[in-house]
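Read off the chains here:
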Amino acid sequence: MATISAPSPELRKERRRRVLTSKTALAAYVFIGPYVVFFTIFRIIPALYGMMLSLGDYKLNGTFELLGLDNFERLFADPIFWNALRATGVYAFVAIPLTVAISLAMAQLCNRVLRGMSFYRSIFFLPVVTSPVLSGLVFVWIFSPDGPLNWVLDGVGIGGVNWLQSSFWVLPSLALVSAWMNFGYNMLILLAGMLAIPIDYYEAASLDGANSWQRFRNVTMPLLKPALFFVLVLETVKSFQVFDTIYVMTSGGPVRASYTLTYMIYDQGFGYFDFGYASAAGVVLLVITLIFSLIQRRLVGRSA
Amino acid sequence: MTATSTAPSRPAGASAPISPVPAKRRKRTWRLHLLLIVAALLTAFPFYAMVALSLQPGEAVELPGSLLPTAPSFGAYAEAMGSRSIPTWALNSTIYSVVSVFLVLLFASMAGYAFAKKRFFGRELIFWVFVAMLMLPYHLTIIPQYLVVSELDGLNTMWGMILPTIANAQAMFLMRQFIQDIPDELIDAARIDGAGEFRIYWTIILPQTKPIMATLGTFVFLWHWNDFLWPLVSQQSPTNYVLTVGLSSMQEQEAPLATIMAGSVITFIPALLVFIVLQRYFVRGVMMSGIK
């Protein structure tokens, strides 16, 4: 934009030299310096190192032996890995729709001018600022065989189960905790999207005789798509990476029913110190995350 | 994402003038309140349970009695604070969170300023490498990060826990976005007045970034205060635990529920206070993350 006509090569070279050596460029390097150093040491090197680790065997005495794809072969032959994939998938399958549906319903409920609304919204955000560890500790009690959940279920005549000890119910129970923790955050993003929709659209729809469901279905939903997509991606990433609540509430149990991919990475890495094997599982997690965000982008891009 | 980016222009309260509710709509408002109250009670229940259980020392956790402590006692709090561990863990959590907030804000604002306002060789490349790193799942990098910190003799030390978290690409990204909107004229005027590079950053840029500083600071504080996995793997001795790791270790050792819940309440209070005081900035941060 700054150039009026294409500068000659000499001029360009001269300009580049000036950009490189001028006092402001020097200052710029000083300003980004600490950041680049920290980032290189603690992010870029570990990222490359992680990929490399997955291709070999790291011994605790610090030696590393390159093995090629051995870790991946071992991984694909390991029933624990397939179990971890299944657990991750089931968890995501329950957690994502549950959380997004609750977030959307709550955003719709909170999108009103009402006395006390900011108070309600504050309550709904509280779980977001709570540590997953604390949430896990309380929910262990809520889900315990004679905890409040079963107490309520008994009251309405439904026999409760031992939620966290049931290999069927443990993942849905964990998904419910995640919905509780995250809906406030998503609700806020969706609410911002809803507030950006011009009121005129709703007024026009009302004049055409649309009821509140039709207004939601035909005005809110299409215009909310970008925000909804963002929330969906956020929840997908979160549910593939769930760890803290699992560590605190189930330690991957019962009998590996909640042994997800991230828990496997932690367990193989820091339980068995099998860093290469754990990193291979990490690479699989990376690939799955990328595939899912591509699929979502595709799906939403097409229907939008 | 235009839908979200225009959001702040129409705050919640401004969409309609607050007028007396017409009689026929009053019933619907009442129903809405009822729904909201039920949702709020369900959301708040775990917090209530945390407090109620912490006031109920002893083994009796029979329902519904334990939810209405008949003889509330602060014994569990006395025990929690009296033990050596919880105050030590609280101190560690505080150092981990507060020092990180300062360092992240300092380095992210410096780098953000350079990326926003300066032209230098390699700017685009370095910036996009940073942003690309945001895509990597944290769990892939935690093992090599552990090995790098171990190589630097940083395991079991406070600095070994803090330093890796400073390379926060998200923070730098937000800083850059914000600083880009500061008018160049301000910087040029200062330069004409003879201000040096560092002086411009310190007296012109930094004061302008207060809103984003508050937003980021709130986020970074809460993130560190609640962080679990990295403190868990990088600190082996119980005197180095942060509160989240310490509480989960208490649970593993089957400490009394009341003591664990008292510890949980103690852990939750600083996060709650930061949230109450800086709520507005926190909300802004969530909105900005939606714009990304």
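Basis of the calculations
- Residues numbered from 1 in each chain as written.
- Chains lettered and ligands numbered in written order.
- Predicted model: local features only at pLDDT ≥ 70, side-chain atom pairs only at ≥ 80, totals over all residues.
- Heavy atoms only, no water.
- Helix = DSSP H or I, 4+ residues; strand = E, 2+ residues; numbered from the N terminus.
- Contact = heavy atoms within 4.5 Å.
- Phe/Tyr/Trp six-rings, centres within 6.5 Å; stacked < 30°, edge-to-face > 60°.
- Buried < 20%, exposed > 50% of the residue type's maximum accessible area, 1.4 Å probe, protein only.
- Lys NZ or Arg CZ within 6 Å of the ring centre and 35° of its normal.
- Expected span 1.5 Å × (residues − 1).
- Polar contact = N/O pair within 3.5 Å; in protein donor to acceptor, adjacent residues only side chain to side chain.

Engineer: When you look at the environment of Ala262 of chain B in this model, what are you seeing that I'm missing?
Structural biologist: All names here are of chain B. Summarising the element assignment, Ala262 is placed in helix H14 (residues 257-277). Note: C-alpha distance between Ala262 and Gln56 (206 residues apart in sequence) is 9.8 Å. Sequence-distant contacts of Ala262, defined by excluding residues within four places in its chain, comprise Ser54, Ala76, Tyr77 and Ala80.

Engineer: Could you clarify how one ought to interpret the packing of aromatic side chains in this entry?
Structural biologist: Two numbers describe a pair of aromatic rings. These are the distance of the centres and the angle of the planes. Scanning all chains against the criterion turns up 50 aromatic pairs over all chains. Summarising the aromatic geometry, the rings of Phe127 of chain B and Phe173 of chain B are spaced 5.8 Å apart at their centres and angled 25° between planes, so their arrangement reads as stacked. Within this pair, whereas Phe127 of chain B is found in helix H5 (residues 123-133), its partner Phe173 of chain B is found in helix H8 (residues 169-180), the two being separated by 46 residues in sequence. With relative accessibility at 15%, the residue Phe173 of chain B sits in the buried group. Ring geometry for Phe198 of chain B and Trp202 of chain B: centres 5.9 Å apart, planes at 15°, overall stacked. Here Phe198 of chain B pairs with Trp202 of chain B, and both are found in helix H10 (residues 197-208), just 4 residues apart, close to one helical turn. The class for Trp202 of chain B is partly exposed, based on a relative accessible area of 46%. Geometry around Tyr277 of chain A places Arg74 of chain A over its ring, the cationic atom sitting 3.6 Å from the centre. Here Lys238 of chain A stacks its cationic end above the ring of Tyr185 of chain A, 5.0 Å away from the centre of that ring.

Engineer: Before we go on, may I ask you to explain H8 of chain B in this structure?
Structural biologist: At 3.6 residues per turn, the α-helix brings residues three or four places apart onto the same side. All names here are of chain B. Between its first and last C-alpha, H8 extends 16 Å over 12 residues, near the 16 Å set by a 1.5 Å rise per residue. For H8, the set of buried residues is Ala169, Ala171, Met172, Phe173, Leu174, Met175, Arg176 and Ile179. Where H8 starts, the residue carrying a side-chain oxygen 3.2 Å from the main-chain nitrogen of Gln170 turns out to be Asn168.

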